[in-house]
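Structural overview
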Amino acid sequence: MTTTKDEHTMSHTWITRPETPQDIPAIRAVALGAFPTPLEADLIEALRVDEAWSPELSIVAQAPDGTVAGYALLTRCHVGTAPALALGPCAVLPQYQRTGAGSAAIRAGLQAARDKGENLVLVLGHPEYYPRFGFTPASAYGIRPSFEVPDEAMMALVFDDTVPVPSGTIVYPAPFGV
């Protein structure tokens, strides 16, 4: 468990930790509140029972009053046959958006991945948001998804650039449906 203040907003202190079984309904509520359809909430539930799941990489950001306000998930994917992690879904309850809950959950998830010895995290997301965590265009590493997306939206984060980074096509876990 980590307590952090987000350096971008400094408006809240967040407790970040891996999910517990008691958090599952709150995580679904966060995803349902953050997205216009239940697709992401359903994806989280499908990933939770997939072999790509690592319980220590399912991170909640909890407000001091105990409310689960933010969530970040990293699951096993591959670049070709080499292991990597996919970041997402990430979600924040609407009333906590822009308070640092999402950043806190993502930072904790990335640190947990680093602590596990992972070296490559991929995200398909907003190119104005994810670079603050160190993400850069995945194409610079020769990494691409199996579907069309804007180049700047498919990003990679390499923890140790002295270790060779695989190149090739991203193979997502089956629940992603791609």
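**Re the overall build of the protein**
Each helix and strand counted, the protein has three helices and 10 strands in total. Its helices and strands taken in sequence order, the protein reads β-β-α-α-β-β-β-α-β-β-β-β-β from the N to the C terminus. In summary, the protein has a C-alpha radius of gyration of 15 Å against a globular reference of 16 Å for 178 residues, a match within 12%. Its C-alpha atoms give the protein principal-axis dimensions of about 45 × 30 × 30 Å. In the protein, which comprises 178 residues, the proportion classed as buried is 46%. Here the analysis covers contacts within the protein between residues at least 6 apart in sequence; of these, 65% occur between residues at least 24 apart. Accessible surface, the protein as shown: approximately 8500 Å² in total, 56% of it carbon and sulfur.

**Digging into the packing of helix α1 (residues 24-34) against helix α2 (residues 39-48)**
Remark: α1 packs on α2, axes separated minimally by 8 Å, with the N-to-C direction vectors making an angle of 145°. Contacts from Ile24, Ile27, Arg28, Ala31 and Leu32 in α1 reach Glu40, Ala41, Asp42, Ile44, Glu45 and Arg48 in α2. Split into classes, the residues belonging to the contact of α1 with α2 amount to six nonpolar, no polar and five charged.

**Here we look at α1**
All of the buried residues along α1 are Ile27, Val30 and Ala31. Viewed end-on, α1 has its buried residues packed into an arc of 95°, placing them on one side of the element. Packing partners of the buried residues in α1 comprise α2, β3 (58-62), β4 (68-79) and β5 (82-92).

**Quick notes on the side chain of Thr99**
Note that Thr99 resides in the loop between β5 and α3 (101-115). Residue classification places Thr99 among the buried positions, given a relative accessible area of 10%. Separated by 2.4 Å, the side chain of Thr99 and the backbone oxygen of Tyr96 make a polar contact.

**Some remarks on the confidence of the model for the protein**
For the protein, the average pLDDT comes to 94, and 93% of its residues sit at 70 or higher. In the model, residues 4-10 has pLDDT below 50 throughout and makes 18 contacts with residues more than four positions away in sequence or in other chains.

**Focus on the pairing of β4**
Most of β4 is tucked away, with 10 of its 12 residues classed as buried. Pairing between β4 and β5: nine bridges, direction antiparallel. By the bridge assignment for β5, Ala72 is matched with Cys90. Where β4 folds back onto β5 in an antiparallel hairpin, the turn is made up of two residues, including Gly80, whose phi is positive at roughly 65°.

How each quantity is defined
Residues numbered from 1 in each chain as written. Predicted model: local features only at pLDDT ≥ 70, side-chain atom pairs only at ≥ 80, totals over all residues. Heavy atoms only, no water. Helix = DSSP H or I, 4+ residues; strand = E, 2+ residues; numbered from the N terminus. Rg over C-alpha atoms; globule rule 2.2 N^0.38 Å. Buried < 20%, exposed > 50% of the residue type's maximum accessible area, 1.4 Å probe, protein only. Contact = heavy atoms within 4.5 Å. Areas by Shrake-Rupley, 256 points an atom, 1.4 Å probe, with all protein chains shown as cover. Axes fitted to C-alpha atoms, helices over the stretch in contact; angles between N-to-C directions. Nonpolar A, V, L, I, M, F, W, Y, C, P; charged D, E, K, R; others polar. Arc of directions from axis to C-beta. Polar contact = N/O pair within 3.5 Å; in protein donor to acceptor, adjacent residues only side chain to side chain. pLDDT = per-residue confidence, 0-100. Pairing = 2+ DSSP bridges.

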